[in-house]
Amino acid sequence: MSCSIELNSVSQSFENNASTITLFENLDLSINQGQSYAITGPSGAGKSSLLMLLSGLEKPSSGQANFISDNQISTLDNLRSEIGFIFQQFHLLPELTALHNIALPLKLRGDKHANKKAEHWLEKVGLSDRSNHKPSQLSGGEQQRVAIARALVFSPKFIFADEPTGNLDQYNANEISDILFACCQENNAGLIIVTHNNALASMAQNIYSLADGKLTKASSINSVEKKQTKQGSNHVAQDFAINDGQVA
Ligand SMILES: Nc1ncnc2c1ncn2[C@@H]1O[C@H](COP(=O)(O)OP(=O)(O)OP(=O)(O)O)[C@@H](O)[C@H]1O
Ligand SMILES: [Mg+2]
């Protein structure tokens, strides 16, 4: 039985002091289980906010945000236990080790094999040797891997990922992208990724661009790229590289 998330004529705005920030108005989007989606767009366009709405973690200012399963319509609150969320800022629990952060969603579900499964996921994301380290003892990229494992460990129906490769080098970004897509395929989960990484976006079956309050479906990542201004493109001068403790 397949299910979907439907946004109908959704608007989101925030009141800041005397002014109102409107991110988007009358936005429609349908997300199906088993499909993959990438949302791209400039910084500040409202991508993270859209992800929060789709996952039911936040409510829209107006419009309908529903979960449809077996032709039954309900609010997205009913989806809470079925979603894995990879946050842009990780949100790992600082007091827990990498292993226990990953095991937590399983323990909350009463899974007796939580630690064993968490160990398996630590291995999958290449961090077996860091199982007893707390988040503060891990690099940004390592914390991101823990956050990814924590989101996937209980085989959720929908996986939301906000810049999942933002802190990783190209090699690790590719590896994590493959894990994300493979995991969704294995579990017939829906995957919704917000990303500035064009290689990652191009792996999705559906590509959207959010800019100037409008969500547009793109035929390919190339058509999104053409629309974007050159300003602020991901052009970072790399004067030196540090590999395995060596500065080159
Ligand atoms: N809870 C909030 N209250 C007030 N303003 C908010 C809130 N959440 C987001 N915003 C504002 O909405 C705008 C869009 O934020 P959002 O984080 O969704 O952008 P984004 O597209 O994800 O950007 P980035 O690519 O930099 O992560 C920003 O200007 C932000 O300050
Ligand atoms: Mg964001």
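Residues numbered from 1 in each chain as written. Chains lettered and ligands numbered in written order. Predicted model: local features only at pLDDT ≥ 70, side-chain atom pairs only at ≥ 80, totals over all residues.

Asks: Kindly report on the site of ligand 1, identifying the contributing residues and their values.
Replies: Around ligand 1 sit F14, N16, I21, L23, S43, G44, A45, G46, K47, S48, S49 and Q88, and those are all the residues in its vicinity. When contributions to the shell around ligand 1 are tallied by element, the ones reaching two or more residues are β1 (3-16), β2 (19-32) and α1 (47-54). At three residues, α1 tops the list of elements feeding residues into the shell around ligand 1. The residue inventory of the shell around ligand 1, partitioned by class, reads four nonpolar, seven polar and one charged. (Near = placed C-beta within 6 Å. Helix = DSSP H or I, 4+ residues; strand = E, 2+ residues; numbered from the N terminus. Nonpolar A, V, L, I, M, F, W, Y, C, P; charged D, E, K, R; others polar.)

Asks: Could you give an account of the packing of helix α4 (residues 140-152) against helix α5 (residues 170-187), naming the residues involved and the relevant values?
Replies: Their axes nearest at 11 Å, the elements α4 and α5 cross at an angle of 5 degrees. In terms of orientation, α4 and α5 fall into the roughly parallel class. For the pair formed by α4 and α5, the contact residues are G141, R145, I148 and L152 on the first element and N172, I176, L180 and C183 on the second. Here the residues of the contact of α4 with α5 are counted per class, giving five nonpolar, two polar and one charged. (Axes fitted to C-alpha atoms, helices over the stretch in contact; angles between N-to-C directions. Parallel < 35°, antiparallel > 145°, perpendicular 65-115°, else oblique. Contact = placed C-beta atoms within 7 Å.)

Asks: An account of the pairing of strand β3 (residues 36-40) is needed here, citing residue identities and associated values.
Replies: Within β3, five of the five residues are buried, which leaves it mostly tucked inside the rest of the structure. Here β3 shows a buried face lined by S36, A38 and T40 and a second buried face lined by Y37 and I39. Sheet topology places β3 next to strand β8 (residues 190-194); four bridges connect them, and they run parallel. The residue of β8 that forms the bridge with A38 is I193. Two elements, β3 and strand β9 (residues 206-211), share four bridges in a ladder whose sense is parallel. Looking at the pairing, Y37 lines up with N206 of β9. (Buried ≥ 20, exposed ≤ 12 C-beta atoms within 10 Å, placed from the backbone. Pairing = 2+ DSSP bridges.)

Asks: Account for α5, naming residues and giving values.
Replies: For α5, built from 18 residues, the straight-helix expectation of 26 Å at 1.5 Å per residue is met to within 8% by its first-to-last C-alpha distance of 26 Å. Every buried residue belonging to α5 is among A173, I176, S177, L180, C183 and C184, and all of these are buried. Across the axial projection of α5, the buried residues extend over an arc of 135 degrees, all falling on one side. Turned more than 90 degrees away from the buried face of α5, the exposed residues are Y171, D178, A182, Q185 and E186. Buried residues along α5 sit in contact with β3, α4, β7 (158-162), β8 and α6 (198-201). (Expected span 1.5 Å × (residues − 1). Arc of directions from axis to C-beta.)

Asks: Please set out the sheet that holds β9 residue by residue, giving values where relevant.
Replies: The strand order across the open sheet built from six strands is β6-β7-β8-β3-β9-β10, with neighbouring strands paired in mixed fashion. Only two strands of the sheet have a single neighbouring strand rather than two, namely β6 (83-86) and β10 (214-218). Mean inter-strand twist for the sheet, computed between neighbouring axes without regard to direction, equals 15 degrees. Sitting on the sheet, α1 is in contact with β3, β7, β8 and β9, with an inclination near 155 degrees to β8.

Asks: Give a detailed account of the sheet that holds β2, specifying residues and quantitative values.
Replies: The four strands are arranged β2-β1-β4-β5 in an open sheet whose pairing can be described as antiparallel. Looking along the sheet, the strands with just one partner apiece sit at the ends: β2 and β5 (72-75). Mean inter-strand twist for the sheet, computed between neighbouring axes without regard to direction, equals 25 degrees.

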